[in-house]
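What follows is each chain in one-letter form.
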Amino acid sequence: MVSKLLLKNGCYFLFKKLFTNRFFCSKSCLLWIWLNPWYVLFSLGFALIVFNEWMAYAFLPLRWPTLKCGHTHPCLKVLFVADPQILGEIDETAFARWDCDRYLHRTFMVAKSYAEPDIIVFLGDLMDEGSRATAAEYERYLARFKKIFSLSSFQPNQTIFLPGDNDIGGEDEPITKIKVERYKKHFGSITDFSYSHLEFIKVNKMLRTYPDVPQEKKENWLRFVLSHIPLLGIPGTFSYEALNELKPDFIFSAHDHKSVHLVGNTKTGERSFIQPLVSNRFAGHHPSWIFFPPSRDTVNEIIIPTCSYRMGSNFMAYATAYIDTQRNVIHYSLLTLPSRLLHLFSYLFFFTICFLVSIIQYLSHLCRQPQIKYVQIRSD
C-alpha cells in the first residue's frame, strides 16, 4: 500500500515538475520551435512515413474480424479478389502505376497470410486497360499482375479467374474473338470446378454464356455461381435463364465496386431484398456475417467490393468465405483496407507546411538584415 502511494505521488510530482517547468510553460519552447522548425518537421515527416508505409499495413489484422467456421467441422477457405484493375500505360503515369501496384501487393500479401485460403477467386477486371492493350502492352500488364499477386507461389488448382469488361470488352469497348482467346490463353477456359462438396460455376454475362451442368445438385453439395457482373443487379432475360438452369445456392460477383447482399428468386430472376454489407454491430463492429442455405427458389448474391484505391470508392476490401462443408454454413467476412489516397493527401499537406515554413523563414531572414543608411556629407 505504501509503495503504491509513493509510486503514485512520485509520478504526480514528476508530471507536476515537467509541466510547471519554465521550459514548458514559458515562451522558451515556442521560441525553440520557431528557431528550429526543421527538427520538428523532420521528426513529424519520419513518423508520417513510418505510419503510412509500414504501420498502416503491418497492423491491418488488428482491425479485421476473427476468421472461423467451427472447431469440429471441415472448413473450406475462399479468398475473393474483386476489380484490382491494375493501371495501364495509356491513361496513367509511371508513378501512379508503381504506387497502385505496391498497394495491391502489400495488402494482398497481408490478406493471404491472414486468411490462409484454400482457393483464391479473382472476380474479373484484372487489368484496367486489358481490353485496349496491344499485344506488347498486354504482356507487360500480365507480368505485373503475376508479380503483384505472386501467382507463381500458388498451385494451378488453387486459383480461379473470371474475365471482366475491362479484360475482354463489353461495356465501353467491343468484345472480339482475339480478346477472348487472349484471356483464355493466359487465365484458362475451365468453366466449372468442384472442391469438397462445393461446385463453382463461372457465368459470363458479357458473352451471355454459362456451362451446361446438371440441374439436379448432388446431395448435401452447395453450388456457387461466379459472375463478374451481378446477376440480380438489373434483372434481365439472361439472368432469368442462368438462374433457372443452374439453380445456385449463392452467387458471388463484383463490377459495382460496392459491398452488397442481394436476395432474389431463381424462377423470376427478380430481387426481393437489398442489404449493404459494410459493418455489423452484432459482430462487434467487425464486418462479418453468417449465411445459411437459402430456401427453395431463393438465391443469395454477394457483391464483393473493389480492392483498389483507384476505383473511385472509399470502401476497399478483400472478402473471405469460410465454408462449413458439413452444415453448409458460410462465415463471410470483409478484410477492409486503408485509404491510400488519405496517405497521399497527408504527404501533400506535409510538403505544403514545409513550403510555408520555408517562405516564412526566408521573409524573416530578410526582415532581420541590417538596414544601411546613407548620410549626405556637404563639401564646403
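Residues numbered from 1 in each chain as written. Predicted model: local features only at pLDDT ≥ 70, side-chain atom pairs only at ≥ 80, totals over all residues. Heavy atoms only, no water.

## Focus: the pairing of strand 13 (residues 329–336)
- Burial analysis of strand 13 places eight of its eight residues in the buried class, which makes it a mostly covered element.
- Side chains Val329, His331, Ser333 and Leu335 project from strand 13 onto one buried face, and the interleaved Ile330, Tyr332, Leu334 and Thr336 project onto a second face that is buried too.
- Across four bridges, the pairing between strand 10 (residues 288–291) and strand 13 is antiparallel. Within strand 13, the position partnered with Ser288 by the bridge is Ser333.
- Here strand 12 (residues 317–324) runs beside strand 13; their pairing, made up of eight bridges, is antiparallel. Residue pairing for strand 13: Ala321 is matched across the bridge by Tyr332.
- Linking strand 12 to strand 13, which pair antiparallel, is a turn of four residues; within it Asn328 sits at a positive phi near 60°. (Buried < 20%, exposed > 50% of the residue type's maximum accessible area, 1.4 Å probe, protein only. Helix = DSSP H or I, 4+ residues; strand = E, 2+ residues; numbered from the N terminus. Pairing = 2+ DSSP bridges.)

## Describing the packing of aromatic side chains
- Under the criterion given, the structure shown has 26 aromatic pairs.
- For the pair Phe122 and Phe149, a centre-to-centre distance of 5.3 Å together with 80° between the ring planes defines the contact as edge-to-face. A residue pair is termed long-range when its members are at least 10 positions apart, and Phe122 in strand 2 (residues 119–122) and Phe149 in the loop between helix 6 (135–148) and strand 3 (159–161) qualify at 27 residues. Residue Phe122 shares its accessibility class with Phe149, and that shared class is buried. (Phe/Tyr/Trp six-rings, centres within 6.5 Å; stacked < 30°, edge-to-face > 60°.)

## Describing unusual backbone geometry
- Phi is positive for Asp83, close to 50°, though the residue is something other than glycine.
- Here Asp83 lies in the loop between strand 1 (75–81) and helix 5 (94–115).
- Owing to a relative accessible area of 0%, Asp83 belongs among the buried residues under this scheme.
- The backbone phi angle of His255 is positive, close to 75°, even though this residue is not glycine.
- Under the relative-accessibility criterion, His255 is labelled buried at 17%.

## Some thoughts on helix 8 (residues 177–187)
- Buried within helix 8 we find Lys179, Val180, Arg182, Tyr183 and Phe187. Projection of helix 8 onto a plane perpendicular to its axis shows the buried side chains occupying an angular sector of 165°, all on one side. Residues of helix 8 that are exposed and angled more than 90 degrees away from the buried face: Lys177, Ile178 and Lys185.
- Of the residues flanking the end of helix 8, it is Gly188, one or two places downstream, whose phi is positive at about 90°. (Arc of directions from axis to C-beta.)

## Details of the confidence of the model for the protein
- Across the protein, the average pLDDT comes to 83, with 84% of residues at 70 or higher.
- Across residues 1–20, confidence stays below pLDDT 50; counting only partners more than four residues off in sequence or on other chains, it has four contacts. (pLDDT = per-residue confidence, 0-100. Contact = heavy atoms within 4.5 Å.)

## Brief notes about the state of the cysteines
- All told, the structure shown has zero disulfides when counted by the stated rule.
- The cysteine Cys100 is free of any disulfide, with Cys307 supplying the nearest cysteine sulfur at 8.6 Å. (Disulfide = S-S within 2.5 Å.)

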